[in-house]
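# Residue-level structural notes
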Amino acid sequence: MKTIAATPFDYLFDLEHAALVVIDMQRDFVEEGGFGAALGNDVLRLQAIIPTLQQLLAAWRTAGALVIHTRECHRPDLADCPPAKRLRGTPALRIGDAGPMGRLLVAGEPGADIIEALSPMTGEWVIDKPGKGAFHATGLHERLQARGITHLIFTGVTTEVCVQSSMREANDRGYECLVVEDATESYFPEFKAATLSMLTAQGAIIGWSAPSRLLIDSLKPASAS
Ligand code: TIU
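Residues numbered from 1 in each chain as written. Predicted model: local features only at pLDDT ≥ 70, side-chain atom pairs only at ≥ 80, totals over all residues. Heavy atoms only, no water.

## What to know about the overall build of the protein chain
For the protein chain, the count of helices and strands is 8 helices and 10 strands. On C-alpha atoms alone, the protein chain measures out to a radius of gyration of 17 Å, which is about the 17 Å that the 2.2 N^0.38 rule sets for 225 residues. The C-alpha extent of the protein chain, read off along each of the three principal axes, is 50 × 35 × 30 Å. When contacts within the protein chain are restricted to residue pairs at least 6 apart in sequence, those whose partners lie at least 24 apart make up 73%. Positive and negative charge centroids in the protein chain, built from 20 and 27 side chains respectively, lie 2 Å apart. (Helix = DSSP H or I, 4+ residues; strand = E, 2+ residues; numbered from the N terminus. Rg over C-alpha atoms; globule rule 2.2 N^0.38 Å. Contact = heavy atoms within 4.5 Å. Lys, Arg positive; Asp, Glu negative; His and termini not counted. Charge placed at Lys NZ, Arg CZ, Asp CG, Glu CD.)

Here's what the structure looks like:
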């Protein structure tokens, strides 16, 4: 059993029943010309977490535990993209429109790919999700149950949209969830701070948070149980 001095109190997990979840580290959110930019965001600020995520992934992979990557994307015919999602607001380009990295948020297009620096490795799960949350219309819960996973450690982008939605969905399904503070980022720093606070308030009402250093330290052989 591993113990992390998390917020708001210790988080306990064992590697056999835990997964590291990397949410939507796709070109469409972190590079110019994608969906995030079309919404008017400064996408470059999300790139700050890439080295941290690389270190965390390396430590988690060395420890031999499950890694799950998600991608927010839709079928080419957009049958899984409700008009309420596609038509909202006045973005420069909408989901399915052609941009410099292909059609925005469409599976198989270059923009929907996970960035090369964080490429999934063989055996890792890659979950394509049409919603903000990772559990909506993906079958993820059933796969996790079949594998005996009870603890989910969340990273990726953006903190208050897809990371938070996924963590709330997971909490309602009975998972013990932790978000890694410096391995998640938002286009809005104040939203990131507020999200971390609200998830962990009221005695971990949704779950825990901790810096990557504590998680990586817990994975070192010296602290193996
Ligand atoms: N817009 C925004 O902050 N995020 C998203 O649309 N998707 C994810 O967070 N992945």
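From this point on, the discussion continues.
## Description of the state of the cysteines
If you walk through the whole model with that rule in mind, you get 0 disulfides. Lacking any disulfide linkage, Cys-81 is separated from the closest cysteine sulfur, that of Cys-73, by 11 Å. Of the residues examined, Cys-81 reaches a relative accessible area of 7% and is grouped as buried. (Disulfide = S-S within 2.5 Å. Buried < 20%, exposed > 50% of the residue type's maximum accessible area, 1.4 Å probe, protein only.)

## Digging into the packing of aromatic side chains
The tally for this structure, following the rule as stated, stands at 7 aromatic pairs. The rings of Phe-9, Tyr-11, Phe-13, Trp-60 and Trp-208 are connected pair by pair, giving a single aromatic cluster. When the ring centre of Trp-125 is taken as origin, the NZ or CZ atom of Arg-143, which lies over that ring, is 4.1 Å away. (Phe/Tyr/Trp six-rings, centres within 6.5 Å; stacked < 30°, edge-to-face > 60°. Lys NZ or Arg CZ within 6 Å of the ring centre and 35° of its normal.)

## Re the environment of Trp-125
Its place among the elements puts Trp-125 in strand 7 (residues 125–129). Put simply, Trp-125 and Thr-195 are 70 residues apart on the chain and 26 Å apart in space, counted from C-alpha to C-alpha. Those residues within four positions of Trp-125 in sequence are excluded, and the remaining contacts are Leu-66, Val-67, Ile-68, His-69, Leu-140, Arg-143, Leu-144 and Arg-147.

## What about the sheet that holds strand 10 (residues 208–210)?
With parallel pairing, the 6 strands of this open sheet are ordered in space as 7-4-3-8-9-10. One side of each edge strand has no neighbouring strand; the edge strands of this open sheet are strand 7 and strand 10. Each strand axis lies, on average, 25° off the axis of its neighbour in the sheet, ignoring direction. As paired strands, strand 3 (residues 18–23) and strand 4 (residues 66–72) are joined by 5 bridges and run parallel to one another. (Pairing = 2+ DSSP bridges. Axes fitted to C-alpha atoms, helices over the stretch in contact; angles between N-to-C directions.)

## Details of the layout of surface pockets
By volume, the largest pocket is sized at about 420 Å³. Along the walls of the largest pocket sit 23 residues, with Phe-35, Leu-39, Glu-72, Lys-132 and Val-161 positioned nearest its centre. Contributing elements (two or more residues each) for the lining of the largest pocket: helix 2 (35–38), helix 4 (83–86) and helix 6 (159–172). Looking at side-chain class alone, the lining of the largest pocket contains 12 nonpolar, 3 polar and 8 charged residues. (1 Å grid on protein atoms, 1.4 Å probe; cavity = no way out; pocket = protein on both sides within 12 Å on 5 of 7 lines; lining within 4 Å. Points joined across faces, edges and corners; volume = space filled by probe spheres on them. Nonpolar A, V, L, I, M, F, W, Y, C, P; charged D, E, K, R; others polar.)

## A look at the site of the ligand
Taken together, Asp-24, Phe-29, Phe-35, Leu-39, Glu-72, Lys-132, Val-157, Thr-158, Val-161, Cys-162 and Tyr-187 are the residues near the ligand. One of the backbone N or O atoms of Val-157 is found 3.2 Å from a nitrogen atom in the ligand. Residue Thr-158 places a side-chain N or O atom 2.9 Å away from an oxygen atom belonging to the ligand. With respect to the detected pockets, the ligand is housed in the largest pocket. Each residue belonging to the shell around the ligand can be placed in one class, and the counts come to 7 nonpolar, 1 polar and 3 charged. (Near = heavy atom within 4 Å. Polar contact = N/O pair within 3.5 Å; in protein donor to acceptor, adjacent residues only side chain to side chain. Sits in = over half its atoms within 2 Å of the grid points.)

## What about the nonpolar core?
Core analysis: the largest hydrophobic core is formed by 44 residues, its most contacted members being Met-25, Trp-60 and Ile-153. Ranked by the residues each element gives to this core, the list is headed by helix 3 (residues 50–63), at 6 residues. Judged by nonpolar contacts, the second largest core, of 24 residues, contains Ala-19, Leu-66, Trp-125 and Leu-140. (Core = buried A, V, L, I, M, F, W, Y, C linked by side-chain atoms within 4.5 Å.)

## Topic: the packing of helix 6 against helix 7 (residues 189–204)
Helix 7 packs onto helix 6 with a crossing angle of 15° between their chain directions and a minimal axis gap of 10 Å. As the angle between them shows, helix 6 and helix 7 are arranged roughly parallel. For helix 6 against helix 7, the interelement crossing comes out right-handed. In this structure, helix 6 contributes Thr-159, Glu-160, Gln-164, Met-167 and Arg-168 to the contact, and helix 7 contributes Phe-191, Lys-192, Thr-195, Leu-196, Met-198 and Leu-199. Looking at side-chain class alone, the contact of helix 6 with helix 7 contains 5 nonpolar, 3 polar and 3 charged residues. (Parallel < 35°, antiparallel > 145°, perpendicular 65-115°, else oblique. Left-handed = near helix turned anticlockwise from the far one by under 90°.)

## Some details on unusual backbone geometry
Cis geometry marks the peptide bond from Thr-7 to Pro-8, where omega comes out at 5°. Here Pro-8 is to be found in the loop between strand 1 (2–4) and strand 2 (11–13). The peptide bond linking Val-157 to Thr-158 adopts the cis configuration, its omega dihedral lying at -15°. Turning to its location among the elements, Thr-158 is positioned in the loop between strand 8 (151–157) and helix 6. At Leu-78, a residue that is not glycine, the phi angle is positive and equals roughly 60°. Assignment of secondary structure puts Leu-78 in the loop between strand 4 and helix 4. A positive phi angle, near 55°, is found at Gln-202, a position not held by glycine. If you trace the backbone, Gln-202 turns up in helix 7. Overall, the relative accessible area of 69% leaves Gln-202 in the exposed class.

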